[in-house]
Every structure is written in C-alpha cells, then in structure tokens.
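Architecture at a glance
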Amino acid sequence: MDSFITFFSFAASLFSSLATAYFWLVRAQRERPCLKPHFADKEFFLGNSRDNVRQIGLKLGVIVANYSSLPNAILGARLWVRLPEGWQELTNVAFDKQTPQPFNVPSLQTVLLRLNATLSFPYQEALEEGNKTVGNYLNRFLTPSRELKIELHRLGDEADCHTLTLASAAEQSAQSLRAA
C-alpha cells in the first residue's frame, strides 16, 4: 500500500510538471510578436514626370492583425513591388496624415493602416495616352499578379516581411476562373 501511494504521488508530480511545461510553452508562443498584414484597398495615381522618370503614386490600405496576446506598435514600413526583373523598392513611403506614429496595435485585434508611396519608372512617350497613362505604365512594368512586399517595423528594432497580392476581388475571381 505504501508503494502504491509513492507511485501515485510520483505520477501526479510528473503529470503536474508536464502540464506546467506545456502551458508555459503555449503561453510563450502566444506572446511572441506576430503582426500579419492583409490587403484592404489601393489607388494608383499619376505623379510627376521629369528627368526621363515617370512617377506613379500609390495609396495603400492594409489591415494589420496582431496575432499575439501582447500589444505591439508599428514604427515604420517599407514597400517593394514585383517587376519582371525582380523587386523594386517604393520611395517616399509614409503613413497617411490620419495615421499617427507610432501606430499602436492592441493584442488579438486588427487595425487599418493607410500608406502612401511612389513608384518610379523610365519615361516612355508611347505610354503617355490621355487618361490611360497610369494603367499603361502598370501593365508595362508590373507583373500581372501585382505582388507587393511589405516590411513592418515594430518594437524591439525588429521587422516582419510579408508578400501581398494587390488584385481587387473582381480581378482575383477573374484570375481564378482563368486558372480553372
């Protein structure tokens, strides 16, 4: 009987230790910073044209989800767009005037970020057609998938990099129908 109590006590202690270690690991995983952006909307507009460079402006809406159980802050962002030759970094990336810095993200919540940026392309007279100039430049220089890479700078001098597809819902459904 005495050995049974000793065995039961040891088993209960072992179970308690394993359960504590498991819950600490789960909690530590949930507390790791984890910011994930999701595409909301976009607007391309015609920018400056000088020194054989055509600029196209981008207003981007990104929903950022904080999957961590702790709050975080977005301190800055960098953007790249995919060209057939590779990635090109966008210039003049800034938060919209309504988006104050730092942008605090509560735990397990989403927030809407508004970013402004500029794409620069070589000037081509053939693409300068009335109100189709923006579309002509985007169709000529960007890949059809309209991929954008976003790097969110957060607390702790760390950054998360993610790739988003800029196609609208109608464009995505049309692409999926073409693929099928």
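Look a little higher up for the structure.
Here's what I pulled together on the structure shown here.

Rules and cut-offs
Residues numbered from 1 in each chain as written. Predicted model: local features only at pLDDT ≥ 70, side-chain atom pairs only at ≥ 80, totals over all residues. Heavy atoms only, no water. Core = buried A, V, L, I, M, F, W, Y, C linked by side-chain atoms within 4.5 Å. Buried < 20%, exposed > 50% of the residue type's maximum accessible area, 1.4 Å probe, protein only. Helix = DSSP H or I, 4+ residues; strand = E, 2+ residues; numbered from the N terminus. Contact = heavy atoms within 4.5 Å. Pairing = 2+ DSSP bridges. Axes fitted to C-alpha atoms, helices over the stretch in contact; angles between N-to-C directions. Polar contact = N/O pair within 3.5 Å; in protein donor to acceptor, adjacent residues only side chain to side chain.

**Some words on the nonpolar core**
Ranked by internal contacts, the top residues of the largest apolar core, which has 33 residues, are I74 and L119. When contributions to this core are tallied by element, the ones reaching two or more residues are β1 (35-50), β2 (53-66), β3 (72-83), β6 (103-105), β7 (110-122), α2 (133-141) and β8 (147-154). It is β7 that contributes the most residues to this core, six residues altogether. Leave out the neighbours within four places in its chain, and L119 touches F44, R54, Q55, I56, L58, V81, L90 and L142.

**Describing the pairing of strand β4 (residues 86-89)**
The side chains of a regular strand alternate between the sheet's two faces. In this structure, β3 lies alongside β4, joined through four bridges in antiparallel fashion. Bridge assignment links W80 to a residue of β4, and that residue is E89. Connecting β3 to the antiparallel partner β4 that follows it, the hairpin turn spans two residues.

**Overview of the sheet that holds β1**
Strand-to-strand pairing in sheets goes through backbone hydrogen bonds, with the strands running parallel or antiparallel. Taking strand neighbours across the sheet as the criterion, the four strands line up as β1-β2-β7-β5 in an open arrangement whose pairing is antiparallel. A strand with exactly one partner marks an edge of an open sheet, and here the two such strands are β1 and β5 (91-95). Neighbour-to-neighbour, the strand axes of the sheet open up by a mean angle of 15°, direction not taken into account. Two elements, β2 and β7, share 13 bridges in a ladder whose sense is antiparallel. The partner of L60 across the bridge, within β7, is L115.

**Observations concerning the side chain of E147**
Along the chain, the position of E147 falls in strand β8. Of note is the side chain of E147, whose polar atom sits 2.5 Å from the side chain of R82. When near neighbours in sequence (up to four residues on either side) are disregarded, E147 contacts W80, V81, R82, W87, T163, L164 and T165.

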